[in-house]
Amino acid sequence: MFGRSLKLFRILGFDVRVDISWTFLALLIATSLALGFFPNLYEGWPASTYWWLAIAGVIGVFFSIVIHELSHSLIARVFGAGMTGITLFMFGGVAEMEHEPETAKAEFFTAIAGPAISIVLGVLFLWLASLGGAEPTPIIALADYLGRLNFILAIFNLIPAFPMDGGRVLRSILWAVKGDLRWATRWASGLGGLFGFALMFAGLLAALSGNFVAGLWWVLIGMFIRGAAQGSYQQMEVRRLMGGVTVRDLMHADADIVSPSMTIGELVDRHVYQRQQTAFPVAENGALIGVVDTTHVKAAPRADWDRLTVRDVMSKPEDAPVTDPSEDAIIALRALHDGSADTLIVVENGRILGTLSKADVMKLLSLKMDLEAA
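First things first, this report covers the structure right here in the doc. Because the structure is a prediction, the values reported are computed rather than measured. (Residues numbered from 1 in each chain as written. Predicted model: local features only at pLDDT ≥ 70, side-chain atom pairs only at ≥ 80, totals over all residues. Heavy atoms only, no water.)

### Structural notes on unusual backbone geometry
Peptide bonds are, in most cases, trans, and in most cases residues other than glycine have a negative phi.
Link 1 in the chain: The residue after Phe-162, namely Pro-163, is reached through a cis peptide bond having omega 15°.
Link 2 in the chain: Examined against the element boundaries, Pro-163 turns out to sit in the loop between helix 4 (138–157) and helix 5 (165–178). (Helix = DSSP H or I, 4+ residues; strand = E, 2+ residues; numbered from the N terminus.)

Here it is in C-alpha cells:
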C-alpha cells in the first residue's frame, strides 16, 4: 500500500511511521487553515497567529489520527491479533495487521474502537472550547477545530465501505450472520468498491461544475478506497491460499555460499551470472559472517571489481536479509516486498540452510490461484 516510510517513534509497543505522501496532506491542511478556515471564522487576528494555529492544527490532526489508529491496535492486541505498527499517509492512517481477526467479535470491536475514540476526543475538545468566554482566543479556536475534526474523522470512517472502519463493522456483522469470512469480505469489499466509484463520479461532477479542487480531492479519495477495497480482498485470498506454508517448504536447499576472500569480479562471473541470483550468503569455517548482494556490487566502482573482495562490501549478519525456516511464507514475502533485496538467506542456529526468493513464493501462489480458478 505504501512507499518508503520514516519511523518517528514507538508507543505502547507499536512503531509509528509516516509515509512521504503525508507531507502533502500536512501542507494542504496547514495552507487551508492559515488562509481560509481560521481567517474566515476569526477575523482581525495577525497573519502570524493564523499560521501558528495552522501548524498547531496539523500537529493536532497528526495525533488525532495516531490515537485513532492506536485504539485499533490496542483492541486488536486484546484479541490476540498481531499488529506491526501504524503508518500515516496522504488519506489518513492505517493500523497494520499481520493477519485477519480470528472471530467476528474481534473484528467488530477492533473496527469500532477507532471511531469511538475519535468521538471521545471530539467531545473533549469541544468541551474545552466551550470553557472560553464571549471573546474567542487562539487556544479556544484550536480546540474548536480539533473537536470538529475528530467528529468528521469518526463519521467518515463509519461509512460502510470496506476497508474503512464502517466497512469492517459491516464485514463483522456479515461474518457473524453467515459464518464465512471469505463471503463477508467479498461483499464488504464490493460495497467499498461501489462507494469509491460513487465518490469518483461525484468528484467528477463537482470538478465539471467549477469546484475543481474539491472534485479532484473526491476523485483521489474514491480511487484510493476502490483500490484498497480490491487490494484487501486480494490480500485475504493470498493469506488463505498460503496458509500453513513456511519458508522451509519453499526454500532452495542448495545455497550457493561464497568466500569472503573472493573478488567482486569473481562473484559476478561465477555466481551472479551463472546462478542468476541476487544475494549470496558469505561463510567462513562453516559459519555465516555476512551476505553480499547485487546492491553491494553496484555500489562498488567497476574499476575496483578485481581489487575489492566480498568481505569489503558485504552486510553483517545482523543487517542482512535473513529468515528462519519456520517463518510463515506470507511474512517472508512481506519482508521481500518491503526490503531492498529480492532474496532471503535461510539460517537456523547460525547454520545456512538455503535461500528464498520472491519468485519462489509467487510461483506457488500463482499455481494455487490457477488451480483455484479451474
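### Considerations on the pattern of salt bridges
Link 1 in the chain: By the definition in use, this model includes 6 salt bridges.
Link 2 in the chain: A salt bridge links Asp-144 to Arg-148, with the shortest nitrogen-to-oxygen separation between them at 2.9 Å. In this pair, Asp-144 and Arg-148 both sit in helix 4, 4 residues apart, roughly one turn of the helix.
Link 3 in the chain: Between Arg-311 and Glu-284 there is a salt bridge, and its shortest N-O distance comes to 2.8 Å. (Salt bridge = Lys/Arg side-chain N within 4 Å of Asp/Glu carboxyl O.)

### A short note on helix 4
Link 1 in the chain: Taking 1.5 Å per residue as the helical rise, helix 4 with its 20 residues ought to reach 28 Å, and the 28 Å between its terminal C-alpha atoms agrees with that figure.
Link 2 in the chain: By the burial criterion, the buried members of helix 4 are Ile-140, Ala-141, Leu-142, Ala-143, Asp-144, Tyr-145, Leu-146, Gly-147, Asn-150, Leu-153, Ala-154 and Asn-157.
Link 3 in the chain: Next to the buried residues of helix 4 lie helix 1 (21–41), helix 2 (47–78), helix 3 (104–130) and helix 5. (Expected span 1.5 Å × (residues − 1). Buried < 20%, exposed > 50% of the residue type's maximum accessible area, 1.4 Å probe, protein only. Contact = heavy atoms within 4.5 Å.)

### Section: the sheet that holds strand 7 (residues 322–323)
Strand pairing in a sheet relies on backbone hydrogen bonds, with the paired strands running either antiparallel or parallel.
Link 1 in the chain: Spatially, the 3 strands line up as an open sheet ordered 7-8-9, and their pairing is mixed. Among the strands making up the open sheet, the edge pair consists of strand 7 and strand 9 (351–357).
Link 2 in the chain: Sheet topology note: the strand 7/strand 8 (residues 343–348) ladder contains 2 bridges and is parallel. By the bridge assignment, Thr-323 is partnered in strand 8 with Val-346. (Pairing = 2+ DSSP bridges.)

### Quick notes on the nonpolar core
Link 1 in the chain: Trp-22, Ile-29, Phe-38, Leu-88 and Tyr-145 are the most contacted members of the largest nonpolar core, which has 35 residues in total.
Link 2 in the chain: Those elements that provide at least two residues to this core are strand 2 (14–19), helix 1, helix 2, strand 3 (83–89), strand 4 (92–97), helix 3 and helix 4.
Link 3 in the chain: In terms of residues, this core owes the most to one element, helix 2, which gives 10 residues.
Link 4 in the chain: Those residues in contact with Ile-29 that sit more than four places away from it in its chain are Val-58, Val-61 and Tyr-145.
Link 5 in the chain: By size, the runner-up hydrophobic cluster in this structure holds 17 residues, among which are Met-242, Val-247, Ile-330 and Leu-365. (Core = buried A, V, L, I, M, F, W, Y, C linked by side-chain atoms within 4.5 Å.)

### A look at the pairing of strand 8
Link 1 in the chain: Counting buried residues along strand 8, 5 of its 6 residues qualify, which places the element largely inside the surrounding structure.
Link 2 in the chain: Of the strand pairs in this sheet, strand 8 and strand 9 are connected by 6 bridges, and their pairing is antiparallel. The residue bridging Glu-348 from the neighbouring strand is Arg-351, located in strand 9.
Link 3 in the chain: Following strand 8, the chain reverses through 2 residues before pairing antiparallel with strand 9; Asn-349 in that reversal takes a positive phi of roughly 55°.

### Side note on the side chain of Ser-315
Link 1 in the chain: With respect to the helices and strands, the residue Ser-315 is situated in the loop between helix 11 (310–313) and strand 7.
Link 2 in the chain: Looking at Ser-315, the relative accessible area reads 17%, which means it is buried.
Link 3 in the chain: In terms of polar contacts, Ser-315 uses its side chain to reach the side chain of His-296, at 2.8 Å. (Polar contact = N/O pair within 3.5 Å; in protein donor to acceptor, adjacent residues only side chain to side chain.)

### Some words on the packing of aromatic side chains
Both the distance between ring centres and the angle between the ring planes are used here to describe each pair of aromatic rings.
Link 1 in the chain: This model, assessed by the stated rule, comprises 11 aromatic pairs.
Link 2 in the chain: Between Phe-38 and Tyr-42 the ring centres are 6.4 Å apart and the planes differ by 35°, which places this aromatic pair in the tilted class. The exposure classification of Phe-38 matches that of Tyr-42, with both residues buried.
Link 3 in the chain: Where Tyr-42 meets Trp-45, the ring centres are 5.0 Å apart and the plane angle is 10°; that geometry is what we call stacked.
Link 4 in the chain: The class of Tyr-42 is buried, set by a relative accessible area of 12%.
Link 5 in the chain: Three or more aromatic residues joined by ring pairs form one cluster here, namely Phe-37, Phe-38, Tyr-42, Trp-45, Tyr-50 and Tyr-145.
Link 6 in the chain: Seen from the ring of Trp-183, Lys-178 lies directly overhead, with NZ or CZ sitting 5.2 Å from the centre. (Phe/Tyr/Trp six-rings, centres within 6.5 Å; stacked < 30°, edge-to-face > 60°. Lys NZ or Arg CZ within 6 Å of the ring centre and 35° of its normal.)

### Focus on the pairing of strand 2
Link 1 in the chain: Extensive coverage of strand 2 is indicated by the burial of 6 of its 6 residues.
Link 2 in the chain: Alternating residues of strand 2 divide into Phe-14, Val-16 and Val-18 and Asp-15, Arg-17 and Asp-19, and every residue in both groups is buried.
Link 3 in the chain: With 3 bridges joining them, strand 2 and strand 3 adopt parallel strand pairing. Bridge assignment links Val-18 to a residue of strand 3, and that residue is Leu-88.

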